[in-house]
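Descriptive analysis of the structure
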Amino acid sequence: MSARMSVDMSYSYAVTRADAALGESLRRTRGVAGAPVRLVRGHGLAVVVSSVPERDFGESALKARLEDLDWLESVARAHHAVVETAFARATVLPLRLATLHLDDTRVLDMLNRRADEFAGLLDQLAGHVEWGVKVYAMPPAPGSPAPVGASAAAGASPGRDYLRSRQRQRSSGEDAWRAAHDAVLRVDAEARGLAVDRVQHRLQEGELATGPGYNVSNDGYLVPRESSEEFQARVEGAAEALDGIRVDITGPWAPYSFTASDDTDDARETNVSEGVDGGSERRDGTQ
């Protein structure tokens, strides 16, 4: 019996308006697994796709691959690069990482069913970008020196010294969390002055956390493109006035958090894994 032939699947990156100039520019773009990018068109819209080998992206293979963080990061970076290339030229609806169909015919079926939904979202998001804002609390490290004058009175026992030290640490930690809560409210107030929408993502912990401190908020804001510089200045200005707090601002990005364009129904129909949530990790594959 002959060996089974290699089969390609269609990997989808984003939905956009059909445009000849965009299609021509994307012909020079390489996507996941180094494959050339193309457009699948219908109803005046287009899905940005490329071919990927079923041996790596079929349901069983993909489940195993998703445990390989290096491989996942490379896919995420390639996915993001294609989305941002298209976004530089048009409004796009980014699709989830690892949105897969058996072939372009299934991609077109999805586009036919959801054309009105996609067109409405494209109208809403035209002229807007996404900014990410994370707030981190910076509590004092355990064992930090006690403030001057905080040493135990003469004759106090080592045990009492220890308890007083722990009480000071606990009090400092509680102060830090209160400050972090106030910081989130202050930063959000500045951000919402310009943003038209906000999404709260899960907090970054463990391997997803970057830099020092504890992540206490992780939000995405939808901002008119022409207000981007003012948005960044407002958030940075609020951050500079806060002690014991670190604020990370990233963007501008394609509006990943505001598309509501997961292709879960099609994934079930084609028996392909629904992939992993792009969510707040969509931008560079390392967050």
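Heads up: the structure comes first, above all this text.
If you're wondering where the values come from, they're calculated on a predicted model, not measured in any experiment.

**Overview of the sheet that holds strand β8 (residues 245-253)**
Read across the sheet, four strands follow the order β6-β7-β5-β8 without closing on themselves; strand pairing throughout is antiparallel. Edge positions in the open sheet fall to β6 (197-200) and β8, since each of these has one partner strand only. Strand-to-strand twist of the sheet, defined as the mean angle between neighbouring strand axes without regard to direction, takes the value 20°. Pairing analysis gives four bridges linking β6 to strand β7 (residues 214-224), with the strands arranged antiparallel. When the sheet's bridge partners are listed, D197 is paired in β7 with L222.

**Some thoughts on the sheet that holds strand β2 (residues 37-42)**
Within the open sheet, the four strands sit side by side as β2-β3-β1-β4. Their pairing is antiparallel. Here the strands that pair on one side only, and so sit at the sheet edges, are β2 and β4 (92-101). Across the sheet, the axes of successive neighbouring strands diverge by a mean angle of 25°, strand direction being ignored. In terms of strand pairing, strand β1 (residues 8-17) meets strand β3 (residues 45-53) through nine bridges, oriented antiparallel. Bridged to T16 within β3 is A46. This element, helix α4 (residues 69-87), spans β1, β2, β3 and β4 of the sheet and lies at about 145° to β4. Helix α5 (residues 104-125) rests against β1, β2, β3 and β4 of the sheet, and its axis sits at about 135° to β3.

**Let's talk about the pattern of salt bridges**
Applying the stated criterion across every chain yields a total of twelve salt bridges. Between D104 and R38 there is a salt bridge, with the nearest N and O atoms lying 2.9 Å from each other. Placement of the pair is D104 in helix α5 and R38 in strand β2, with a sequence separation of 66 residues. Between D56 and R65 there is a salt bridge, with the nearest N and O atoms lying 2.9 Å from each other. When its relative accessible area of 28% is taken as the criterion, R65 is described as partly exposed. Each of D188, R192, R198 and D219 takes part in salt bridges that share partners, so that together they form one network.

**Details of the packing of aromatic side chains**
Scanning all chains against the criterion turns up five aromatic pairs. Aromatic pair Y11 and Y13: ring centres 4.8 Å apart, planes at 40°, arrangement tilted. Exposure remark for Y13: the relative accessible area of 0% places this residue in the buried category. Considering the side-chain rings of W131 and F231, the 5.9 Å spacing of their centres and the 40° angle between planes classify their relative orientation as tilted. Of the two residues, W131 sits in strand β5 (residues 128-137) while F231 sits in helix α7 (residues 228-240), which places them 100 residues apart along the sequence. As far as burial versus exposure is concerned, W131 and F231 are alike and both buried. In this structure an aromatic cluster arises from ring pairing among Y11, Y13, F57 and W71. Its end group placed over the ring of Y136, R246 keeps NZ or CZ at 4.0 Å from the ring centre.

**Observations concerning the pairing of β1**
The buried fraction of β1 amounts to eight of the ten residues, a majority that puts the element mostly inside the structure. Both β1 and β4 contribute to a ladder of six bridges, which runs antiparallel. Looking across to β4, one finds that T16 is bridged to V92.

**Quick word on α5**
Its 22 residues give α5 an end-to-end C-alpha distance of only 26 Å, which falls more than 12% under 32 Å, the value for a rise of 1.5 Å per residue. The sharpest bend along α5 measures roughly 70° and falls at R114. Here α5 has its buried residues at V107, M110, L111, R114, A115, F118, A119, L121, L122 and L125. Among the residues of α5, the N-terminal cap falls to D103, whose side-chain oxygen and the backbone nitrogen of T105 are separated by 3.1 Å. Two residues or fewer past α5, G127 is found with a positive phi of approximately 80°.

**Looking at the nonpolar core**
Of all hydrophobic cores here, the largest spans 52 residues; its most connected members are Y11, Y13, V32, F57, V187, F231 and V247. Among residues more than four places away in sequence, those in contact with Y13 are G31, V32, V48, V49, S50, A78, H79, V82, V83, L93, P94 and L95. One finds V40, L93, M110 and L122 within the second-largest nonpolar core, a separate group that totals 17 residues.

Thresholds, definitions, all that
- Residues numbered from 1 in each chain as written.
- Predicted model: local features only at pLDDT ≥ 70, side-chain atom pairs only at ≥ 80, totals over all residues.
- Heavy atoms only, no water.
- Pairing = 2+ DSSP bridges.
- Helix = DSSP H or I, 4+ residues; strand = E, 2+ residues; numbered from the N terminus.
- Axes fitted to C-alpha atoms, helices over the stretch in contact; angles between N-to-C directions.
- Contact = heavy atoms within 4.5 Å.
- Salt bridge = Lys/Arg side-chain N within 4 Å of Asp/Glu carboxyl O.
- Buried < 20%, exposed > 50% of the residue type's maximum accessible area, 1.4 Å probe, protein only.
- Phe/Tyr/Trp six-rings, centres within 6.5 Å; stacked < 30°, edge-to-face > 60°.
- Lys NZ or Arg CZ within 6 Å of the ring centre and 35° of its normal.
- Expected span 1.5 Å × (residues − 1).
- Bend = angle between axes of the 7 residues up to and from the residue.
- Polar contact = N/O pair within 3.5 Å; in protein donor to acceptor, adjacent residues only side chain to side chain.
- Core = buried A, V, L, I, M, F, W, Y, C linked by side-chain atoms within 4.5 Å.

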